[in-house]
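A closer look at the structure
One-letter residues, chain by chain:
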Amino acid sequence: MTPQEIKTALGAGLLSFPVTHFDAEGAFRADSYQRHIDWLCGHEAPVLFAAGGTGEFFSLAPSEIPTIVRAAREAADGRTAIVSGCGYGTEMAVEIARSAEKAGAEGILLLPHYLIDAPQEGLYAHVKRVCDSVGIGVMVYNRDNAVLKAETLARLCEVCPNLVGFKDGVGDIGQVRQVTALLGDRLTYLGGMPTAELFAEAYLGAGFTTYSSAVFNFVPELAVSFYKALRAGRHDECARILRDFFYPFMELRGRRKGYAVAAVKAGVRLQGFEAGRVRAPLDDLTPAEEEILARLIAPWRRQTAAAAE
């Protein structure tokens, strides 16, 4: 895809970050991962992000990322665009971006750099280097120690034609509305807060077209139903789904640090995929917590998963 094509795809519907599947020894398990990708591709997601945050990008070796991207592209088979996670310091980010592009990624999501805070000039140089290193579209993830001011983002848009997206994980609606007001349709805007559905209505009002859904990993039908209700303005339906599913899930997710990923991976396992454990430094849900999650997702269980029990 050209940068403009991936920009259009990003704004075309609900997005998600598949978990990365590991075997008993902690190595990437391509067969289960590809079965999962195949299942997700049947649920109206125009873009999936391989080796993203929910895909445990932070625990992957850079050499693993192109392998994961390639496996996702093979499983998607042209039905869904694949964007690769990218990050760390500038030199590593450039290396990862180039290797992901060679592996077939149709875009790059630039996650926050490693460890230290940086001034706006440093962030500008970092994003520009990554954009200049590839020919595919790049979107920046605004969160933690990589928060771009609207003016910095505008400068980058002037010199980086392949900068096509802005994903926000900060939750400052005033700041993101300044970005959308300043840049208009120059970028596609993605909501990126943990369990994004909890914030989706506020982001829609701030000019964001879509968001990435972590729970799409294991309850894609529910995730799509919420997204369609949101876009259609069916607020009562949104409120019902929030009460019945997302607020109980938020309570479970908030029990321990790292459960924003671990709870999603547990859900994937409960749906019958051999996704394996999360890698350190994360830890998995307890058996009792998995049982809570199993009850929560029971109405949306895959038939094959239910039959296996």
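We now turn to the structure provided with this report. This one's a predicted model, so the numbers in the text were calculated from it and none came from an experiment.

1. Description of the overall build of the chain
When helices and strands are tallied, the chain shows 13 helices and 8 strands. Counting over 309 residues, the chain shows a buried share of 58%. Within the chain, contacts between residues separated by at least 24 positions form 72% of all contacts whose residues are at least 6 apart in sequence. Of the accessible surface of the chain, which amounts to about 12600 Å², a share of 53% is contributed by carbon and sulfur atoms. Taking the average place of the 32 positive charges on the side chains of the chain and the average place of its 37 negative ones, the gap between the two points comes to 1 Å.

2. Describing empty space enclosed by the protein
Scanning all chains against the criterion turns up 2 cavities of 30 Å³ or more. Here the largest cavity defines a volume of roughly 80 Å³. Contributing to the lining of the largest cavity are Leu110, Leu111, Pro112, His113, Leu123, His126, Val127, Val140, Tyr141, Ala146 and Leu148. In the lining of the largest cavity, the residues fall into 9 nonpolar, 2 polar and no charged. Of the pockets and cavities examined, the second largest cavity occupies roughly 40 Å³.

3. Some details on the pattern of salt bridges
What the rule picks out here adds up to 21 salt bridges. In this structure, the salt-bridge partner of Glu121 is Arg155, at a minimum N-O distance of 2.8 Å. Taken as a pair, Glu121 in helix H5 (residues 120–133) and Arg155 in helix H6 (residues 150–159) lie far apart in primary sequence, 34 residues in all. Two residues, Asp283 and Arg256, come together in a salt bridge whose shortest N-O distance is 3.4 Å. Highlighted residues: Asp283 in the loop between helix H11 (259–270) and helix H12 (287–297) and Arg256 in the loop between helix H10 (235–253) and H11, separated in sequence by 27 residues. Here Asp283 falls in the partly exposed class, since its relative accessible area comes to 33%. Via salt bridges that share partners, Arg256, Arg269, Arg277, Asp283, Asp284 and Glu290 belong to a single interconnected network.

4. Looking at the pairing of strand E4 (residues 107–110)
Judged by which residues are buried, E4 turns out to be covered on both faces: Gly107 and Leu109 on one side and Ile108 and Leu110 on the other are all buried. Strand direction decides the pairing type here: strand E3 (residues 81–86) and E4, joined by 4 bridges, are parallel. Of the residues in E4, the one forming a bridge with Cys86 is Leu110. After leaving E3, the chain enters helix H4 (residues 90–102) and then returns to the sheet as E4, a path that is right-handed. Relative to strand E5 (residues 137–142), E4 runs parallel, the two being bridged by 4 bridges. Residue pairing for E5: Leu110 is matched across the bridge by Val140. Handedness of the crossover is the feature at issue here: the chain leaves E4, passes through H5, returns alongside E5, and the resulting connection is right-handed.

5. Some details on the pairing of E3
Counting buried positions along E3 gives 6 out of 6 residues, so the element sits mostly inside the fold. Alignment of strand E2 (residues 47–50) against E3, held across 4 bridges, turns out to be parallel. Residue pairing in the sheet places Ala50 in a bridge with Ser84 of E3. After leaving E2, the chain enters helix H3 (residues 64–76) and then returns to the sheet as E3, a path that is right-handed.

6. Quick word on the side chain of Arg302
Within the element layout of this structure, Arg302 appears in the loop between H12 and helix H13 (303–307). Among buried Asp, Glu, Lys and Arg side chains, Arg302 stands out as unpaired, with Asp38 the closest opposite charge at 7.9 Å. Looking at Arg302, its side chain comes within polar contact range of the main-chain oxygen of Gln271, at 2.5 Å. Sequence-distant contacts of Arg302, that is, excluding residues within four places in its chain, are made with Trp39, Gln271, Gly272 and Phe273.

Analysis parameters
Residues numbered from 1 in each chain as written. Predicted model: local features only at pLDDT ≥ 70, side-chain atom pairs only at ≥ 80, totals over all residues. Heavy atoms only, no water. Helix = DSSP H or I, 4+ residues; strand = E, 2+ residues; numbered from the N terminus. Buried < 20%, exposed > 50% of the residue type's maximum accessible area, 1.4 Å probe, protein only. Contact = heavy atoms within 4.5 Å. Areas by Shrake-Rupley, 256 points an atom, 1.4 Å probe, with all protein chains shown as cover. Lys, Arg positive; Asp, Glu negative; His and termini not counted. Charge placed at Lys NZ, Arg CZ, Asp CG, Glu CD. 1 Å grid on protein atoms, 1.4 Å probe; cavity = no way out; pocket = protein on both sides within 12 Å on 5 of 7 lines; lining within 4 Å. Points joined across faces, edges and corners; volume = space filled by probe spheres on them. Nonpolar A, V, L, I, M, F, W, Y, C, P; charged D, E, K, R; others polar. Salt bridge = Lys/Arg side-chain N within 4 Å of Asp/Glu carboxyl O. Pairing = 2+ DSSP bridges. Right-handed = clockwise from strand over helix to strand, strands pointing away. Polar contact = N/O pair within 3.5 Å; in protein donor to acceptor, adjacent residues only side chain to side chain.

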